[in-house]
Amino acid sequence: MEKDPPKILVFSTEKISDPALDLAGLMKLHYPPTVHAVVVPCSSSVRPSWIMHAFECGFAGVFIAADGSDCPYGETCIEKTAKIVERTHVMMREKGIPTENLKMAAVCSVCAELFVNQMRLFAGELADKTTNAT
Amino acid sequence: MIKEPNFTGKRIGVYICQCGSNISDYVDVEKVREEISRGKGVSLAKITMFACADSAQKEIVADIQNEPLDAIVVASCSPKLHLNTFRGVAERGGLNPYNYVQVNIREQDSWAHSDKPAQATLKAIHLIRAGIAKVSLSEPLTPMTIPAENSVAIVGAGVAGMRAAIELADLGVNVHLIEREHFVGGRVAQWGKMSMTNQTGEEIITELYHEVKKRESIRVYTGANIIASKGSIGNFNIQVKIQPRYVEPPCDPESFKKAIEACPVEVDDEFNFNLTKRKAIFFNYRSEFPAMPVVDMAACTRCEECLKYCHGIRLDQQYRIIEIHVGSIFLATGFNPYEPKKGEFGYQEHPNVITFQQLKRLLDLTKGEFRFRGKKIERVAFIYCVGSRQIDGENKYCARYCCTSAIHAAIQLRQELKVPFIYHINKGIRTYGKQEILYEQSSTSGDVYLQFVEDDPPVVEVLNNPIKVTVNDLLTAHMEVTVTTDLVVLITGMVPRVNTELISILKVPLGKDHFYNEIHPKLRPVETMIDGLVIAGCCQGPRNIAESASSALAAVSKVYSILNKGEIKLEPTLAIVNPAACEWCGKCLEACPFDAIERIETEKVPVARIIESNCKGCGMCTPVCPTEAIDIKGYTNPEVRSMIEAMSG
Amino acid sequence: MSDDFRNSSLNELDALVIGGGIAGLESALNLAHMGFHVMIVEKDLSIGGRMIHLSKVFPTLDCSACITTPKVSETARHPNIEILNHSEVKHISRDENGSYRAVIEQRPRYVIDSLCTGCQDCEEACPVVVKDEYQYNLVGRKAAYIPFSIASPRIAAIDLDNCILCGACEKACGPGAIDFTQETRITEITVNSIIVATGFKLFDPDRITRYGGGKLKNVVTAMQMERQLVPTRPFNTVLRPGDGKVPDKIAYVLCAGSRDATVGNPICSQICCMYSIKQAQLILGAVPMADVTIYFLHVRAFGKGFDEFYQQAKMMDVQFIKGKIGRIKELENGDLMLRYEDIASGQVKETQHDMVVLSVGILPNMGIEKLFGDEKFKLDPFNFYNQPNEMTDPFKSNLPGVFIAGTSTGPMDIPDSILSAGAAAAQAAKYMKQHQASISHQATTPL
Ligand SMILES: Cc1cc2nc3c(=O)[nH]c(=O)nc-3n(C[C@H](O)[C@H](O)[C@H](O)COP(=O)(O)OP(=O)(O)OC[C@H]3O[C@@H](n4cnc5c(N)ncnc54)[C@H](O)[C@@H]3O)c2cc1C
Ligand SMILES: Cc1cc2nc3c(=O)[nH]c(=O)nc-3n(C[C@H](O)[C@H](O)[C@H](O)COP(=O)(O)OP(=O)(O)OC[C@H]3O[C@@H](n4cnc5c(N)ncnc54)[C@H](O)[C@@H]3O)c2cc1C
Ligand code: SF4
Ligand code: SF4
Ligand code: SF4
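Residues numbered from 1 in each chain as written. Chains lettered and ligands numbered in written order. Predicted model: local features only at pLDDT ≥ 70, side-chain atom pairs only at ≥ 80, totals over all residues. Heavy atoms only, no water.

**Section: the site of ligand 3**
Residues and elements named next belong to chain B. Around ligand 3, the neighbouring residues are Y384, C385, S388, R389, C398, A399, R400, C402, C403, G428 and R430. When residues of the shell around ligand 3 are traced back to their parent elements, those giving at least two are β21 (379-386) and α10 (402-415). Taken together, the residues of the shell around ligand 3 break down into six nonpolar, two polar and three charged. (Near = heavy atom within 4 Å. Helix = DSSP H or I, 4+ residues; strand = E, 2+ residues; numbered from the N terminus. Nonpolar A, V, L, I, M, F, W, Y, C, P; charged D, E, K, R; others polar.)

**Observations concerning the packing of helix α6 (residues 159-170) of chain B against helix α7 (residues 201-214) of chain B**
Residues and elements named next belong to chain B. As a packed pair, α6 and α7 sit with axes 9 Å apart at the nearest point and diverge in direction by 35 degrees. Crossing of α6 against α7: the hand is left-handed. Residues V159, M162, R163 and I166 of α6 form the contact with α7, whose participating residues are I204, I205, L208, Y209, E211 and V212. For the contact of α6 with α7, a count of residues per class yields eight nonpolar, no polar and two charged. (Axes fitted to C-alpha atoms, helices over the stretch in contact; angles between N-to-C directions. Left-handed = near helix turned anticlockwise from the far one by under 90°. Contact = heavy atoms within 4.5 Å.)

**Re the sheet that holds strand β12 (residues 185-191) of chain C**
All names here are of chain C. Strand order across the open sheet formed by three strands is β6-β7-β12, with antiparallel pairing between neighbours. Of all strands in the sheet, those with a lone pairing partner are β6 (87-94) and β12, marking the two edges. Strand-to-strand twist in this sheet, taken as the mean axis angle between neighbours without regard to direction, amounts to 20 degrees. Pairing between β6 and strand β7 (residues 100-106): seven bridges, direction antiparallel. Note on β7: the bridge partner recorded for H91 is V103. (Pairing = 2+ DSSP bridges.)

**Observations concerning the interface of chain B and chain C**
At the interface, 77 residues of chain B touch 75 residues of chain C. Counting the surface chain B buries against chain C, the share from its top three residues, R430, K434 and K522 of chain B, is 13%. In this assembly, chain B and chain C are joined by ten salt bridges. One salt bridge in this structure joins K304 of chain C and E518 of chain B, with 3.2 Å as the shortest N-O distance. Along the contact surface separating chain B from chain C lie 30 residue pairs in polar contact (both at pLDDT 80 or more). For the side of chain B that touches chain C, the elements supplying multiple residues, two or more each, are α2 (54-66), α3 (79-92), α6, α7, α11 (436-443) and α13 (545-563) of chain B. Considering every element that reaches the side of chain B that touches chain C, the biggest residue donor is α13 of chain B, with eleven residues. (Buried area = accessible area lost by both parts, 1.4 Å probe. Salt bridge = Lys/Arg side-chain N within 4 Å of Asp/Glu carboxyl O. Polar contact = N/O pair within 3.5 Å; in protein donor to acceptor, adjacent residues only side chain to side chain.)

**Regarding the domain arrangement of chain C**
All names here are of chain C. Examined at the domain level, chain C breaks down into domain 1 (3-107 + 184-199 + 365-439) and domain 2 (202-361). Once you take the C-alpha centre of each, domain 1 and domain 2 turn out to be 33 Å apart. Each partner contributes residues to the interface: domain 1 has 16 residues there, and domain 2 has 22 residues. Taking both sides of the interface into account, the surface hidden between domain 1 and domain 2 amounts to around 1600 Å²; carbon and sulfur atoms contribute 72%. Taken as a group, S55, F58 and P411 account for 35% of the area that domain 1 buries against domain 2, more than any other trio of residues on that side. If you look at where domain 1 meets domain 2, you find zero salt bridges. Counting the contacts that link domain 1 with domain 2 gives four residue pairs in polar contact (both at pLDDT 80 or more). Considering only residue class, the side of domain 1 that touches domain 2 consists of ten nonpolar, two polar and four charged. (Domains from an automatic or database assignment.)

**What about the environment of F372 of chain B?**
Here F372 of chain B is to be found in strand β19 (residues 371-372). Along the backbone, F372 of chain B and L362 of chain B are ten residues apart, and their C-alpha atoms lie at a distance of 8.4 Å.

**So, the nonpolar core**
Membership of the largest hydrophobic core comes to 219 residues, with the highest contact counts inside it found for F11 of chain A, V14, I128, F330, F370 and F382 of chain B together with L31 of chain C. Aside from chain neighbours lying at most four places away, what touches V14 of chain B is I36, V42, L44, A45, K46, V73, I128 and I132 of chain B. Judged by nonpolar contacts, the second largest core, of 62 residues, contains Y295, A301, F306 and F320 of chain C. (Core = buried A, V, L, I, M, F, W, Y, C linked by side-chain atoms within 4.5 Å. Buried < 20%, exposed > 50% of the residue type's maximum accessible area, 1.4 Å probe, protein only.)

**Overview of empty space enclosed by the protein**
Residue and element names in this part refer to chain C. Evaluated as defined, the whole model comprises 14 cavities of 30 Å³ or more. Empty space within the largest cavity amounts to approximately 100 Å³. Y211, V253, L254, C255 and K324 are the residues nearest the centre of the largest cavity, which is lined by 16 residues in total. For the lining of the largest cavity, the secondary structure elements donating two or more residues are β16 (249-256), β17 (291-296) and β18 (319-330). In terms of residue count, β16 provides more of the lining of the largest cavity than any other element does, four residues in total. Residues that form the lining of the largest cavity fall into these classes: ten nonpolar, three polar and three charged. (1 Å grid on protein atoms, 1.4 Å probe; cavity = no way out; pocket = protein on both sides within 12 Å on 5 of 7 lines; lining within 4 Å. Points joined across faces, edges and corners; volume = space filled by probe spheres on them.)

**Brief notes about α2 of chain B**
Because an α-helix packs 3.6 residues into every turn, residues spaced three or four apart end up facing the same way. For α2 of chain B, spanning 13 residues, the distance from its first C-alpha to its last is 18 Å, which sits close to the expected 18 Å at 1.5 Å a residue. Taken residue by residue, α2 of chain B has D54, A56, Q57, I60, V61, D63 and I64 of chain B as its buried positions. (Expected span 1.5 Å × (residues − 1).)

**So, the pattern of salt bridges**
Evaluated as defined, the whole model comprises 59 salt bridges over all chains. A salt bridge links R215 of chain B to D170 of chain B; the shortest N-O distance between them is 2.7 Å. Separated by 45 residues along the polypeptide, R215 of chain B in the loop between α7 and β8 (218-221) and D170 of chain B in helix α6 bring together distant segments of the chain. D170 of chain B matches R215 of chain B in its accessibility class, with the two residues each being buried. Linking K71 of chain C and E26 of chain C is a salt bridge whose minimum nitrogen-to-oxygen distance equals 2.4 Å. Linking K71 of chain C in helix α3 (residues 64-77) with E26 of chain C in helix α2 (residues 22-33), this pair joins segments that are 45 residues apart in sequence. On the basis of relative accessible area, E26 of chain C is assigned to the buried category, the value being 9%.

**Considering the site of ligand 1**
Residues and elements named next belong to chain B. Surrounding ligand 1, one finds 36 residues, the nearest of these being E179, R187, W191, S195 and N499. Measuring from an oxygen atom of ligand 1, one finds a backbone N or O atom of V159 at 3.2 Å. Between ligand 1 and W191, the relevant distance is 2.8 Å, taken from an oxygen atom to a side-chain nitrogen or oxygen of the residue. A total of 1000 Å² of accessible area belongs to ligand 1 in isolation, and the protein chains cover 99% of it. (Areas by Shrake-Rupley, 256 points an atom, 1.4 Å probe, with all protein chains shown as cover.)

**A few points about the packing of helix α5 (residues 117-137) of chain B against helix α15 (residues 637-647) of chain B**
All names here are of chain B. α15 packs onto α5 with a crossing angle of 155 degrees between their chain directions and a minimal axis gap of 8 Å. The pairing of α5 with α15 is recorded here as roughly antiparallel in orientation. As for how α5 packs across α15, the hand of that crossing is right-handed. In this structure, α5 contributes H126, L127, R129, A130, A133, K134 and L137 to the contact, and α15 contributes P638, E639, S642, M643, A646 and M647. Split by residue class, the contact of α5 with α15 holds eight nonpolar, two polar and three charged. (Parallel < 35°, antiparallel > 145°, perpendicular 65-115°, else oblique.)

**Points about the side chain of D159 of chain C**
Residue and element names in this part refer to chain C. Residue position: D159 is located in the loop between β11 (157-158) and α5 (168-172). Side chain to side chain, D159 and N162 meet in a polar contact 2.7 Å long. With residues up to four places along the chain from it excluded, the contact list for D159 reads V130, R141, A143 and Y145.

Printed below as a string of structure tokens:
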């Protein structure tokens with residue numbers, strides 16, 4: 001039987017990146033069904049503790065679909081989201097989780113294809129890792 | 001293994017929508033229902049054909065009251081479509097609307113995973129469980145109302161902006177009409193006679209401007225640019241920088257005329273698309289508004305010749321910055337005609353290859369015989385879709401206005417200026433609707449239509465005089481046809497006006513075509529992602545005048561529905577501080593981009609407090625708090641953590 | 001709508017909207033949001049107009065029902081809006097204040113709306129089967145029936161023309177909602193403004209003998225095809241009506257009844273190119289192996305995102321052939337031979353298809369001009385309602401306070417219909433404000 005692709009938790013944002021996820025569906029673009037999204041107001045509102053909690057709960061990867069320069073709350077979003085990733089990386093190293101298992105990319109409201117490609121790639125990378133490990 | 005959300009004692013109703021078959025074709029809704037109904041706290045789980053249909057809504061309301069239910073979850077399409085619909089249902093059933101959660105199992109499940117129905121079904125279960133987890137912990141929230149300023153800033157005084165200004169003023173709204181140029185009217189002022197009614201641009205703009213000036217509640221600023229904007233729907237504070245025109249009353253039209261004659265500086269006249277020259281002190285045409293010339297300081301040499309004739313000229317005038325306070329911002333900043341690249345169909349390689357916008361100016365300026373560069377013009381060839389419908393290029397869209405407007409100009413060339421030979425080299429004529437009549441009229445009056453295909457465009461030979469255009473004509477079974485012509489007119493499309501600064505100040509969302517983007521073309525066609533910011537006219541995409549006016553008036557309806565109640569309901573999903581946990585480190589204050597956090601003392605202990613009218617609920621303050629003392633209502637720490645748990649199953 | 005309203009003297013409203021299609025609903029919603037009280041008079045048993053019956057809509061391909069139903073239910077629920085279904089305005093006159101008085105006739109549906117639960121037991125009990133006009137005659141329905149699954153209101157009606165008065169439905173109905181004694185009801189209202197949004201008629205292809213005059217079994221209209229493609233589609237796939245076979249070579253004939261002076265309709269219908277391109281894409285989704293060919297003269301893909309949508313169809317291998325169809329002939333097996341001038345090669349060609357869809361055009365839906373008595377409510381040269389100042393006052397009619405919206409002014413798609421409705425509402429709102437002010441002014445100034 002085909003092995004289930006690794007589980008990925010996506011933090012998408014209500015006004016910017018989540019619409020891209022919707023658009024991907026509208027365009028019938030496929031990505032692994034083990035990708036699940038939690039909607040937050042802005043990518044700079046994701047807590048490092050949430051990301052760590054996802055790993056604890058068994059998600060293989062976490063992806064922040066960031067607002068980037070499109071953020072309705074201003075440009076500081078980019079820098080603040082980067083900071084969150086940085087802080088989380090430290091926590092991940094402490095727990096021995098490879099930092100590549102947390103990814104971030106700016107996903108604008110019409111970036112459906114970009115999102116789908118990111119998911120396929122990420123899932124592929126994570127799957128390679130688990131097969132190599134076992 | 002599927003993890004169960006924690007049981008909080010709420011009685012929850014779950015509705016799983018088939019969406020006709022959009023969801024149920026891929027997600028096994030019966031299986032989902034079975035799994036979900038076993039969950040703790042789930043009092044009922046039902047499948048509906050269309051959850052949004054009136055009958056289904058009524059059923060949910062009845063369930064809430066009869067069961068009774070404390071909270072509901074609807075698993076259907078994206079919350080972007082129906083969140084408010086179902087919040088309304090919850091309310092009608094007597095629930096707080098925030099005791100409702102919508103789970104997206106269509107866009108983010110059945111459609112995205114139509115290739116893997118079994119896994120889509122499993123994902124639906126996870127997503128719904130996360131929704132149940134969230135709703136179990138959700139608190140009732142009440143929206144805050146804030147007073148709304150009964151005024152609007154309309155940016156751009158073209159047809160769309162002026163038309164909207166008049167209607168809004170008559171509905172009792174104070175209007176600030178902000179125009180970047182020193183004259184109002186936008187593009188239409190340039191076009192002379194126009195389709196479909198043969199009115200001239202000057203007539204239309206004159207009429208609109210008179211109506212604008214009649215109304216005291218409209219303030220017009222010309223030479224004006226927005227340089228900063230703060231605040232949000234209901235209360236925007238905008239800074240407008242007003243460039244001087246270096247001219248002020250009193251001075252009579254005769255003296256102005258003499259002053260213009262006296263000016264020794266000549267520059268290209270961009271109003272006439274550089275076909276003619278103008279002075280450094282100028283107006284574009286005599287009846288233009290405001291009826292006062294302007295000094296182009298970039299060109300002016302300060303020789304002060306003009307001052308000899310007119311005392312109204314003030315070369316030392318300074319710019320002003322004013323502040324306005326408005327409830328809504330209305331963008332009507334229009335478009336630019338496409339400017340062909342050098343060499344595109346011979347443009348700028350032969351002086352007799354001109355753009356359609358130049359032809360429109362020529363037609364407006366021509367009296368009597370049609371001459372160009374001193375020569376009588378008897379043969380004109382139009383090349384269509386220049387800068388539009390580029391399958392592999394930047395501008396993929398059709399510019400919509402051009403076929404009709406070009407054919408209208410051709411009819412004018414034939415009927416009024418007696419041009420006997422007119423060739424339309426096109427890619428398929430798009431005179432949609434009633435405009436078809438013009439096409440019919442033109443093609444039966446002797447105009448010649450030749451059609452090319454995308455990958456085989458016409459070739460313009462500019463080395464010899466007269467110009468030759470060769471087309472592989474689809475209409476005559478791909479016969480190669482060569483047309484000899486005196487003038488080639490490139491029927492150019494529309495591109496967005498350059499407005500980088502405005503777009504970044506107001507954070508205007510753009511579409512793939514780079515025009516301003518609406519939220520949804522059918523559900524919310526004049527609104528943007530920024531609440532209170534509406535768009536109309538050609539800044540949203542190509543349109544003719546009637547369509548621009550129509551969209552402007554539709555946006556008026558929207559603005560007036562926002563402002564007429566004098567107050568606006570805000571989403572209650574704002575930040576909240578737990579003072580017991582707060583140790584006041586000030587990090588949240590630093591992180592907040594909206595000045596929504598202040599330091600207060602409760603019983604001599606400093607803690608953070610949220611200024612609710614400033615808070616946007618962005619959540620930037622939450623990850624920086626070392627003690628997790630700040631939460632966003634609706635996205636609280638326990639809610640998100642329990643959703644993650646439920647999804648991980 | 002409550003019974004109180006019907007019987008009380010509360011018959012003064014701000015505005016009357018005639019027609020409950022998308023344009024009428026948008027107009028009413030806009031006015032209601034602006035604080036005005038509105039009545040919608042809809043001829044049909046349900047509001048929603050043509051749009052509620054469409055499959056997915058171009059160019060975004062979102063499901064039409066999903067966009068229409070929220071608007072429909074928002075309208076039905078709005079406290080400022082009253083809806084009279086199954087009703088028509090019979091006469092409109094203007095009083096000395098300049099207000100309009102409208103006489104409305106509501107035909108009985110023989111079902112008490114407040115009692116019917118929409119359970120469909122009557123439908124099951126009814127022995128009479130007739131053609132279902134809501135499915136464009138593709139399937140049958142009963143004489144006691146709920147118009148369609150997402151109708152608003154979703155309650156039954158008895159089609160008395162076909163009813164044999166057997167009483168089966170009356171017995172079957174649990175709540176006792178069926179009432180054969182209902183009579184036509186007359187309502188009179190006074191309003192300050194009227195928005196006419198009565199939509200369009202579809203061209204009847206039976207008038208074109210070249211295309212078989214309606215006699216060829218496997219030639220359908222685009223509206224019939226549309227119904228085969230909706231999420232609640234009757235067959236769950238695409239079938240040709242002649243023999244129920246799944247077609248694999250489908251032809252679209254554009255401009256059927258448009259741009260054709262010989263059938264009295266010289267103008268372009270503005271939507272048929274795009275809906276045909278949409279249907280072609282949907283057919284390829286439903287019957288992936290099918291070939292779809294679109295015979296066109298010009299492709300009018302002019303709106304926002306339209307040309308991109310057209311290119312997308314080409315990428316999906318929809319065939320586009322520039323050529324005018326001269327004749328359609330039926331073969332023995334029900335297939336159809338299309339004779340056309342292939343413009344690219346300059347030759348007359350014949351091609352066989354197993355199903356043909358006629359992309360029928362939009363015609364004016366006249367009639368409102370007769371209601372105004374002596375006042376002349378004008379039509380334009382094509383018999384759509386006239387807009388005397390179409391460039392700067394679009395959707396204003398020649399009568400004071402009377403506005404028009406949607407396809408009653410000419411062919412247009414849904415996005416443009418929605419904008420037109422917003423525009424008509426803004427102008428009506430302004431008119432009402434000024435009209436109100438002038439009435440109170442008259443009342444306070446002694447003559
Ligand atoms: C060559 C040509 C011929 C045409 N012929 C016809 C025709 O025959 N019939 C027809 O119906 N339509 C015709 N059109 C289309 C018509 O021009 C448009 O529909 C109309 O101009 C749209 O009006 P608007 O107000 O949206 O934009 P515009 O006319 O572009 O006006 C926008 C205004 O906003 C101002 N502005 C822009 N940015 C800012 C800023 N940051 N701050 C302040 N102000 C700003 C601009 O200065 C301008 O005054 C033609 C177009 C072209 C190119
Ligand atoms: C096959 C087909 C496919 C289409 N696909 C698309 C698409 O994909 N995308 C798109 O944008 N557009 C599409 N359209 C166009 C779309 O249907 C119209 O733009 C839209 O329905 C116009 O809405 P309306 O309100 O003006 O008219 P209608 O929908 O016709 O509504 C008019 C309403 O008024 C009522 N009425 C009529 N006369 C009276 C009277 N005398 N008294 C009371 N009520 C009356 C009618 O019963 C009806 O409910 C399609 C059209 C067709 C035919
Ligand atoms: S309107 Fe005509 S000329 Fe303009 S882009 Fe579209 S097809 Fe080309
Ligand atoms: S949620 Fe955003 S706006 Fe509100 S206090 Fe926190 S950082 Fe400031
Ligand atoms: S009329 Fe009676 S039987 Fe028919 S649907 Fe209504 S309630 Fe059911």
